[in-house]
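# Per-entry structural report
Residue-level listing of the chains:
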Amino acid sequence: PRQMGKSSLLIRTMNAARTLEKRIIFLDFQFFDAAALANADLFYRQFCKWLTLKLRLPDQTEQWWEMYEAIGNPLACTFYVQDYLLPEVKSPVVLAMDEVESTFAAPFRTDFFGMLRGWHNNRAIEPIWKQLDLVLVTSTEPYQLIQDLNQSPFNVGQVIDLTDFSAFQVAELNQLHGEPFSARQLEKLMTLLHGHPYLVRRALYLLASERMTVEELFQNRREERGPFGDHLRYHLSRVYDHDNLVQGLLQAMNQQACKDERTFFRLRGAGLIRREGQREVPRCQLYAEYFQEHLNG
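For the structure given in this document, a descriptive report is provided here. Keep in mind the model is a prediction, meaning the values are calculated, not measured.

In this section: the overall build of the protein. Within the protein, the regular secondary structure consists of 14 helices and five strands. When its C-alpha atoms are laid out on the principal axes, the protein stretches across 65 × 45 × 35 Å. Every one of the 297 residues in the protein was classed for burial, and the buried ones make up 44%. A fraction of 67% describes how many contacts in the protein between residues 6 or more apart in sequence connect residues 24 or more apart. Looking at the protein as shown, the accessible area adds up to about 16000 Å², and 49% of this sits on carbon and sulfur atoms.

A separate point is the sheet that holds strand β3 (residues 132–136). Two pairing modes exist for strands in a sheet, parallel and antiparallel, and in both the strands are linked by backbone hydrogen bonds. Read from one edge to the other, the open sheet built from three strands follows the order β1-β2-β3, with strand pairing classed as parallel. Here the strands that pair on one side only, and so sit at the sheet edges, are β1 (23–28) and β3. Taken pair by pair, the neighbouring strands of this sheet meet at an average axis angle of 15°, ignoring direction. Sheet topology places strand β2 (residues 93–98) next to β3; five bridges connect them, and they run parallel. Looking at β3, one finds that valine 94 is bridged to aspartate 133. Where helix α6 (residues 109–122) meets the sheet, its contacts fall on β2 and β3, and the angle it forms with β3 comes to roughly 140°.

Counting 40 residues, the largest nonpolar core has Phe181, Phe228, Leu272 and Phe291 as the members making the most contacts within it. Within the residue set of this core, elements represented by two or more residues are α7 (167–176), α8 (183–193), α9 (197–208), α10 (214–219), α11 (229–239), α12 (243–254), α13 (261–269) and α14 (285–295). What leucine 272 contacts, discounting residues up to four positions off in sequence, is His235, Val239, Leu249, Leu267, Pro282, Arg283, Tyr287 and Phe291. Counting 38 residues, the second largest nonpolar core, distinct from the first, contains Leu27, Trp50, Cys77 and Phe112.

Next up on the list: the environment of glycine 269. By secondary structure assignment, the location of glycine 269 is in helix α13. Taking the relative accessible area as the measure of exposure, glycine 269 reaches 19% and is therefore buried. Distance from glycine 269 to proline 1, taken between C-alpha atoms, is 5.3 Å for residues 268 residues apart in sequence. Contact partners of glycine 269, with chain neighbours within four places excluded, come to Pro1 and Ser139.

Here the focus is α6. Taking 1.5 Å as the rise per residue, α6 with 14 residues should run 20 Å; its terminal C-alpha atoms sit 20 Å apart, in good agreement. When α6 is considered as a whole, its buried residues turn out to be Phe112, Phe113, Met115, Leu116, Arg117, Trp119 and Asn122.

What follows covers the pairing of strand β4 (residues 273–276). Relative to strand β5 (residues 279–282), β4 runs antiparallel, the two being bridged by four bridges. Bridge pairing in β5 places glutamate 276 opposite arginine 279. Between the end of β4 and the start of β5, which pair antiparallel, lie two residues, with glycine 277 showing a positive phi angle near 65°.

In this section: the side chain of aspartate 164. Following the sequence through the fold, aspartate 164 ends up in the loop between β3 and α7. A distance of 3.4 Å separates polar atoms of two side chains, one belonging to aspartate 164 and the other to histidine 194. A distance of 2.5 Å separates a polar atom in the side chain of aspartate 164 from a polar atom in the side chain of arginine 283. With residues up to four places along the chain from it excluded, the contact list for aspartate 164 reads Met4, Gln169, His194, Gly195, His196, Pro197 and Arg283.

How each quantity is defined
Residues numbered from 1 in each chain as written. Predicted model: local features only at pLDDT ≥ 70, side-chain atom pairs only at ≥ 80, totals over all residues. Heavy atoms only, no water. Helix = DSSP H or I, 4+ residues; strand = E, 2+ residues; numbered from the N terminus. Buried < 20%, exposed > 50% of the residue type's maximum accessible area, 1.4 Å probe, protein only. Contact = heavy atoms within 4.5 Å. Areas by Shrake-Rupley, 256 points an atom, 1.4 Å probe, with all protein chains shown as cover. Pairing = 2+ DSSP bridges. Axes fitted to C-alpha atoms, helices over the stretch in contact; angles between N-to-C directions. Core = buried A, V, L, I, M, F, W, Y, C linked by side-chain atoms within 4.5 Å. Expected span 1.5 Å × (residues − 1). Polar contact = N/O pair within 3.5 Å; in protein donor to acceptor, adjacent residues only side chain to side chain.

Take a look at the structure:
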């Protein structure tokens, strides 16, 4: 979900690639507009143009599409990368793609991710594809983007699943911040936030910078102008007008279950609930308190 450290990890990954003298192409899929996400012809061409601009090469997208349009967008895009971009670059390239779940509603998303899996498979056949590494970042369950596992780029290579901080990690961060929380207060913080990376860091920052006391942080934890107010309002606004998400969240809070599996994965992808054994529960106590107050009220 958001605020787990995905972007930070991606930046570190790209920096590591640069030390190995690899060229970096970074694409944030949030920049594809609604028109491109609704039209495969437009999307693939924009995708290729974007790659070309990032590599500072002359754009030949339209010429290639005139030659290869008849064989379909995924193959036209593949030949453009294989026969033009990679030979021109002449060096290893890392294609890092963030927010790829932006294609969730795109009618062509299965073909697109199947194409990326094909690029990975091509490494065993065409030597030039060994020149390209792929990094994909998503907050959506991969199977919701592509159902056929044989065509999925998400089940090959190294998969890194970011999780909440452990009690040990929270204690270590507390120490690095000058120990603003006592051991007992730290246990209370862990109960409240369940190791949520952003909220833990927010709490430590507020105390270490002396902008708030421990007592004020716990007392005002659900308040609009409290330490977590902006974060909580953001998540409330995301679910408020979606009855299925509201009902799923209420079920998790009141029944420790989310009856619709698709709703569960959407709420988990949003970082609001988690699965604990056979139960579906709010991700942390703070969420349970806040949403009980605002969704039941």
